[in-house]
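# Breakdown of the fold
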Amino acid sequence: MLMLFTVVLVVSGALVLGAIWGIYGKLPKGVEGFLVALAGGALLLSVTSELIQPSIDRTSIFHAMLGVGAGAAVFALCDYLIDEKWGSDSGGGLLAAITLDGIPENLALGVALIGAGGLEVAALAGSILLSNLPEAAGGARAMAEGGRSKAKVLWLWVWTAAILSAAAIIGNLALEGVGEGPLAIIRCFAAGAVIASLATEVFPQAYREDRHWAGVATALGAILAFSLGSLAGG
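Every value quoted in this text rests on a predicted model; they were computed, and no experiment measured them.

### Details of the overall build of the protein chain
Helix and strand counts for the protein chain stand at 8 helices and 0 strands. Taken from N to C terminus, the helices and strands of the protein chain fall in the order α-α-α-α-α-α-α-α. For the protein chain, the proportion of its 234 residues judged to be buried stands at 46%. Long-range pairs, those at least 24 residues apart, make up 84% of the contacts in the protein chain between residues at least 6 apart in sequence. A total accessible area of about 10700 Å² is found for the protein chain, and carbon and sulfur atoms account for 71% of it.

Shown next as structure tokens:
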């Protein structure tokens, strides 16, 4: 339980740090795009190796296909509805998109912690942390530039971090006794939603801001996640 709360605190705390960075700090667009691509590459490899592959190994390719496909479809539908209701460039839309992105990430983190040792989730947790920082920075900056007070924007992100922390804790506690088949589908559902969010939100942003080096940064992120997984014994 202590490991669960520690990992959740660190990962969700990155959202708050990212929001502070976005509101009060400033980096060149190219650097931000590079960091976003780096985080995206790390997260893409991590959900594949830490969620999808173990689910295939423990159950079947059918469970993985069902979960990934359903997760991606649900994310795409929700993302479309968010764009239609708030507009993709509005503060509300950005916050909703980050929350929609973060819930499956943190649910996946909570599920991955079931029966896992302290180091076994290092790659996934580290990748989510890396992705949270630039995503929160970009979202918070856009909201602040849209006319909201900096204090209000920061509090919105604090509440978002709290909601996503709850998703990880609920995912861990509520699903602890679930059988391996349903658990594999849930893992892959979360992975599918994350992959869809990377394709829809993260990589397009990285390319817009750093088109010449985004591919290199994505590859470096994948190498980083692989290295974390290897150190963790994955």
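After that view of the structure, there is still more to cover.
### With respect to the environment of Val-216
Within the secondary structure, Val-216 sits in helix H8 (residues 214-231). A relative accessible area of 38% means that Val-216 is categorised as partly exposed. Each C-alpha atom, one on Val-216 and one on Ala-37, is 8.4 Å from the other, the two residues being 179 residues apart in sequence.

### Let's talk about the environment of Ala-166
Relative to the elements of secondary structure, Ala-166 occurs in helix H6 (residues 150-174). Under the relative-accessibility criterion, Ala-166 is labelled partly exposed at 31%. When the C-alpha atoms of Ala-166 and Gly-110 are compared, they prove to be 9.6 Å apart, with 56 residues separating the residues in sequence.

### Regarding the pattern of salt bridges
A full pass over the atoms with the stated rule returns 2 salt bridges. Between Glu-32 and Arg-141 there is a salt bridge whose closest N-O contact spans 2.9 Å. On the criterion of sequence distance, the pair formed by Glu-32 in helix H2 (residues 29-58) and Arg-141 in helix H5 (residues 122-145) is long-range, its members being 109 residues apart. Across this residue pair, the class does not change: Glu-32 and Arg-141 are buried.

### Regarding the packing of H2 against helix H7 (residues 180-209)
At a minimum axis separation of 9 Å, H2 and H7 run at an interaxial angle of 160°. Classed by the angle they form, the pair H2 and H7 counts as roughly antiparallel. As for the relative orientation of H2 and H7, their crossing is left-handed in sense. Here the contact of H2 with H7 is composed, by residue class, of 16 nonpolar, 6 polar and 6 charged.

### What about the nonpolar core?
Core analysis: the biggest nonpolar cluster contains 29 residues, and Val-11, Leu-43, Val-47, Leu-51 and Leu-109 have the highest contact counts within it. At the level of elements, helix H1 (2-24), H2, helix H4 (91-112), H5, H6, H7 and H8 are the ones that each hand at least two residues to this core. Formed by 10 residues, the second largest nonpolar core is a distinct cluster that contains Leu-15, Ala-19, Ala-140 and Leu-164.

### Quick word on H2
The first and last C-alpha atoms of H2 sit 43 Å apart over 30 residues, in line with the 44 Å expected at 1.5 Å per residue. Along H2, the sharpest kink reaches roughly 30°, centred on Thr-48.

### Digging into the environment of Ala-191
Within the secondary structure, Ala-191 is located in helix H7. For the pair Ala-191 and Gly-69, spaced 122 residues apart in the sequence, the C-alpha separation amounts to 9.5 Å. Here Ala-191 is in contact with Val-47, Leu-51 and Ile-52, once residues within four sequence places are set aside.

What counts as what
- Residues numbered from 1 in each chain as written.
- Predicted model: local features only at pLDDT ≥ 70, side-chain atom pairs only at ≥ 80, totals over all residues.
- Heavy atoms only, no water.
- Helix = DSSP H or I, 4+ residues; strand = E, 2+ residues; numbered from the N terminus.
- Buried < 20%, exposed > 50% of the residue type's maximum accessible area, 1.4 Å probe, protein only.
- Contact = heavy atoms within 4.5 Å.
- Areas by Shrake-Rupley, 256 points an atom, 1.4 Å probe, with all protein chains shown as cover.
- Salt bridge = Lys/Arg side-chain N within 4 Å of Asp/Glu carboxyl O.
- Axes fitted to C-alpha atoms, helices over the stretch in contact; angles between N-to-C directions.
- Parallel < 35°, antiparallel > 145°, perpendicular 65-115°, else oblique.
- Left-handed = near helix turned anticlockwise from the far one by under 90°.
- Nonpolar A, V, L, I, M, F, W, Y, C, P; charged D, E, K, R; others polar.
- Core = buried A, V, L, I, M, F, W, Y, C linked by side-chain atoms within 4.5 Å.
- Expected span 1.5 Å × (residues − 1).
- Bend = angle between axes of the 7 residues up to and from the residue.

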